[in-house]
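Take a look at the letters that make up each chain.
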Amino acid sequence: MGDTAWAATSAAAVPARTVTARHSALVRVTHWITTLCFLALLVTGIEILISHPRFYWGEAGNVNTPALFKIPIPASRATVPTGYGYVMPDQNGWSRYLHFQAAWVAVLTGLLYVISILVSGHLRKDLLPGGADVSWRALSAAIAKNLRFQRPSEEEAWSYNLLQRLTYLFVIFVLFPLVIWTGLAMSPAIASVFPGAVSVLGGQQSARTIHFFVSVFLLLFLVVHIVMVCRAGLKNRMRAMITGRAGSDKELA
Amino acid sequence: MSNFSRRTLFTTGLAAAAGASGLAVAGGLAKRYGLIPPDSSGPYGPGETLTYAAQRVLTSHSMAREFPPSEISSPPFANEVAPLGDAFKRLQAGGFADWRLAVDGMVARPTLFSLAELKSYPSSDQITHLACEEGWSYIAEWKGVPLAHVLDRVGILPQAKYVVYFSIQQDWWDSIDMADALHPQTLIAYGMNGGELPVGNGGPLRLRVPRQLGYKNVKYITRLTVTDDLKRFGKGLGSASPEAGYAWYAGI
């Protein structure tokens, strides 16, 4: 880890048109493992959702109780009244197997990542906002810049701006822990060991509902992330996340 | 080769060797303490083994949450079952007076129990949550005789590792390990919400395993077999669920 230092943190030190180390090997490997896991969790999560596209609040909920809201799609179970008169094929078996397997890999990879960014200083240097620029003014300036589709200057492109830093921190330290917690809160065995972790969420059906919304936020992050990578230069950014190196040319900006 | 890449190669090799030997040791320990589920072969085996082993270590003595009567779902949802056969209908017509539960396998005294006998034993009540893998759930009051009590009466042999249970419905059977079989909340249930257990919810007899999902709670049970080896049942995957693509362990 320490060898492949985060060489490009000081923008001023980057001479034009050179190839510079951008992402450490551990960041790259964990990034792509997480990507694969996220896609597996997303597809299988949708498959599981299809078997009962109704959501509830509280401990219990079923077709005899009022739904908090419904997803207007046909279900993969004949017992769910969806109004479509069509039952989708049942994919829950392998979807559940793969969902939990991908969750294990994602959680272990995430732990490795969080420990490594703490140890290497990546968290402090590149993700935590520096004391000076945490203000509503700096944040709104960053948002305004994004909304005007202004490309960052070459200097700025080397480090994450305030909005990026806050987004990554929110995904890593809020959304991921919350999606793991609400997922585990649906487990009857886990609920028997940590009952408080379920009741504080409002119950097992509430956990399922929150799990759904956090997943939607994570999907939203993925879409925005891909759009931003394309705007910043897909080829160069992909090269940076695969090989670890990025050319300092115009495409990067 | 530069110093840097040689060192990387060395540390990567060392990490890989440590990881592989760590896995081997963990696998050996897991096997020794019965933490490998019967459906651990196949592409999802690693995930299943991690889930089962981790939850077994955590839940060895944990109790399923119990709720106040005000939380009971009304009306309770009865999931659909395959059409009940002639054998069931004949027994139903006789008020289930001739329903029998056979307990056999690794037991000192194989026994046939009638409903009346099961109801004469000390009963246990619980208001617990039943969740289906599909996502819905309900809370009900369950009444029955603890499975541990029945196993105690027949005298299980010390090498027993699992209890396999069969429904009167063909090809519907499942199994649990001794941690769940001897758990005080695991019931041979015959009552629900103050009355008889409705046929739709598994009456006259249903195995109630509150720390696992709905599909482990097999309806219309007629036979329990105590064993030390699940390989001898069906395709050897532990229950009918993995044969249909679902995990044997349903604690999550």
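Here's what I pulled together on the structure shown here.

1. Details of the interface of chain B and chain A
Facing 40 residues of chain B, the contacting portion of chain A comprises 31 residues. Listing elements by their share of the side of chain B that touches chain A, those giving two or more residues are helix H2 (45–59), strand E3 (124–131) and strand E4 (137–146) of chain B. Split into classes, the residues belonging to the side of chain B that touches chain A amount to 20 nonpolar, 13 polar and 7 charged.

2. Concerning the packing of helix H6 (residues 162–185) of chain A against helix H9 (residues 204–243) of chain A
Residues and elements named next belong to chain A. Across the interface, H6 lies against H9 with an axial gap of 8 Å and an inter-helix angle of 145°. Once H6 is placed against H9, the crossing between them reads as left-handed. On the side of H6, the interface is formed by Val-171, Leu-175, Leu-178, Val-179, Thr-182, Gly-183 and Ala-185, while H9 contributes Gln-204, Ala-207, Ile-210, His-211, Val-214, Ser-215, Phe-217, Leu-218 and Phe-221. Per-class residue counts for the contact of H6 with H9 are 11 nonpolar, 5 polar and no charged.

3. A closer look at helix H4 (residues 136–147) of chain A
For H4(A), built from 12 residues, the straight-helix expectation of 16 Å at 1.5 Å per residue is met to within 8% by its first-to-last C-alpha distance of 16 Å. A small share of H4(A) lies buried, amounting to 0 of its 12 residues.

4. Considering the pairing of strand E1 (residues 100–105) of chain B
Residue and element names in this part refer to chain B. By the alternation rule, side chains of E1 split into Leu-101, Val-103 and Gly-105, which are all buried, and Arg-100, Ala-102 and Asp-104, of which none is buried. As paired elements, E1 and strand E2 (residues 111–114) share 4 bridges and run antiparallel to each other. Residue pairing for E2: Ala-102 is matched across the bridge by Leu-112. Between E1 and E2, which follow one another and run antiparallel, lie 5 residues. Summarising the sheet, E1 and strand E10 (residues 221–227) pair through 4 bridges and their orientation is parallel. When the sheet's bridge partners are listed, Ala-102 is paired in E10 with Arg-223.

The rules behind these values
Residues numbered from 1 in each chain as written. Chains lettered and ligands numbered in written order. Predicted model: local features only at pLDDT ≥ 70, side-chain atom pairs only at ≥ 80, totals over all residues. Contact = placed C-beta atoms within 7 Å. Helix = DSSP H or I, 4+ residues; strand = E, 2+ residues; numbered from the N terminus. Nonpolar A, V, L, I, M, F, W, Y, C, P; charged D, E, K, R; others polar. Axes fitted to C-alpha atoms, helices over the stretch in contact; angles between N-to-C directions. Left-handed = near helix turned anticlockwise from the far one by under 90°. Expected span 1.5 Å × (residues − 1). Buried ≥ 20, exposed ≤ 12 C-beta atoms within 10 Å, placed from the backbone. Pairing = 2+ DSSP bridges.

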